[in-house]
Amino acid sequence: MIELPEAYVLSEQINQTLVGKTVMNVTANAHPHAFAWYTGNPNTYHEKLYGKKIISSNPGTGYTCGGNVEILCDDMLMVISTPIKYHTSSEKLPAKHQLLIEFEDGSYMSCTVQMWGAMFCFPVGEDGLPDNYVCNRCPDPLTEAFNKDYFDTLWNNTKQSLSAKAFLATEQRIPGLGNGVLHDILWNANIHPKRKLQTFNDNEKEKLYHSIKSTLLAMRIQGGRDTERDLFGNKGGYKTALSSNTFKYSCPSCGNDIIREAYLGGNIYYCPACQPFERGR
Ligand SMILES: [Zn+2]
């Protein structure tokens, strides 16, 4: 799966690189993966897309919700939540892939599932998303509609006994905000991931709101995180403060050891000095 900043980066790169290309060949589900999701039979993807032209791409802001890449291909819409790679005609293709599209100029795009991932394809204008696919059509944090009033509403509609991580990164409450971007958002706001919402003072709540917006924006404008790769296989330019990359080093702010522990599905990373569990100082 991908998260919000990478969805923005990928869709911008697709707009610059793939728009105008015509689909010649589609291979879906060549290497079956237990958590690869398609709409209908993947064997029909070639038929659905053959001869069609890539028109545009967006980070899930068109028809679905942020954190997916939508690719409009004439009258078909692809909704993709896996990493996407571009390959020129002379480049080597990945050994394993769950979706491979060949264009008429001999170049390709491929999708390879990490953990889980959707590669949906259905006619534009039809509500073709599977019934069990959670997709809240609500503003993503990189849009203006995600403002302080909207954040306050989200907050007030959430059980105050939930932790900061549960609030931000579960239930798809905030599109595209997952267990990857979470750590730096909380670190920048000096919030411990297990802090319950009811322990926040107004100042901390405000700081969290601003950190969501500014951290995700920094990740987006720097080309995604350094733990992820873009359309061309390059790592993003955003240097994560807390991630599997930095875990063995110390906190970039105070030099303390970074803690990694399993919590609510996936590891959390935090600095116990910068993000105290007790109410903020
Ligand atoms: Zn620290």
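A. Inspection of the pairing of strand 11 (residues 267-270) at higher detail. Pairing of strand 10 (residues 259-262) with strand 11, which is carried by 4 bridges, proceeds in the antiparallel orientation. Residue pairing across strands places R260 opposite Y269, the latter belonging to strand 11. With antiparallel pairing between neighbouring strands as the criterion, strand 10 and strand 11 make up a hairpin whose turn holds 4 residues, including L264 at a positive phi of roughly 50°.

B. Representation of the nonpolar core in the model. Of all hydrophobic cores here, the largest spans 68 residues; its most connected members are L10, M78, I80, M119, L168 and L186. For this core, the element with the most residues is helix 1 (residues 4-17), which contributes 6 residues. Of the residues that make up this core, three or more belong to each of domain 1 (4-123) and domain 2 (148-270).

C. Representation of the packing of helix 1 against helix 6 (residues 202-221) within the structure. Between helix 1 and helix 6, whose axes approach to 8 Å, the crossing angle comes to 35°. The two elements helix 1 and helix 6 cross, and the hand of that crossing is right-handed. For the pair helix 1 and helix 6, contact is made by L4, P5, Y8 and V9 and by L216, M219 and R220, respectively. Of the residues that constitute the contact of helix 1 with helix 6, the class distribution is 6 nonpolar, no polar and 1 charged.

D. Molecular detail of the domain arrangement of the protein. As far as domains go, the protein holds domain 1 (4-123) and domain 2 (148-270). Taking the mean C-alpha position of each, domain 1 and domain 2 sit 28 Å from one another. At the junction of the two partners, domain 1 supplies 18 residues and domain 2 supplies 17 residues. At 10 residues, helix 1 tops the list of elements feeding residues into the side of domain 1 that touches domain 2. Looking at side-chain class alone, the side of domain 1 that touches domain 2 contains 11 nonpolar, 5 polar and 2 charged residues.

E. Geometry of helix 1. Here helix 1 contains 14 residues, and its C-alpha end-to-end distance of 20 Å stays within 8% of the 20 Å for a straight helix at 1.5 Å per residue. Most of helix 1 sits inside the fold, with 10 of its 14 residues counted as buried. Within the sequence span of helix 1, burial applies to L4, P5, E6, A7, Y8, V9, L10, S11, Q13 and I14. Where helix 1 is buried, its residues contact strand 3 (54-58), strand 4 (69-73), strand 6 (84-87) and helix 6.

F. Focus on the sheet that holds strand 5 (residues 76-80). Read across the sheet, 5 strands follow the order 2-9-5-4-3 without closing on themselves; strand pairing throughout is mixed. The open sheet has two edge strands, strand 2 (36-37) and strand 3, and neither has a second partner. Direction of pairing for strand 5 relative to strand 9 (residues 117-123): antiparallel, over a ladder of 5 bridges. Across the sheet, M76 pairs through a bridge with P123, a residue of strand 9.

Analysis parameters
- Residues numbered from 1 in each chain as written.
- Predicted model: local features only at pLDDT ≥ 70, side-chain atom pairs only at ≥ 80, totals over all residues.
- Pairing = 2+ DSSP bridges.
- Helix = DSSP H or I, 4+ residues; strand = E, 2+ residues; numbered from the N terminus.
- Core = buried A, V, L, I, M, F, W, Y, C linked by C-beta atoms within 7 Å.
- Buried ≥ 20, exposed ≤ 12 C-beta atoms within 10 Å, placed from the backbone.
- Domains from an automatic or database assignment.
- Axes fitted to C-alpha atoms, helices over the stretch in contact; angles between N-to-C directions.
- Left-handed = near helix turned anticlockwise from the far one by under 90°.
- Contact = placed C-beta atoms within 7 Å.
- Nonpolar A, V, L, I, M, F, W, Y, C, P; charged D, E, K, R; others polar.
- Expected span 1.5 Å × (residues − 1).

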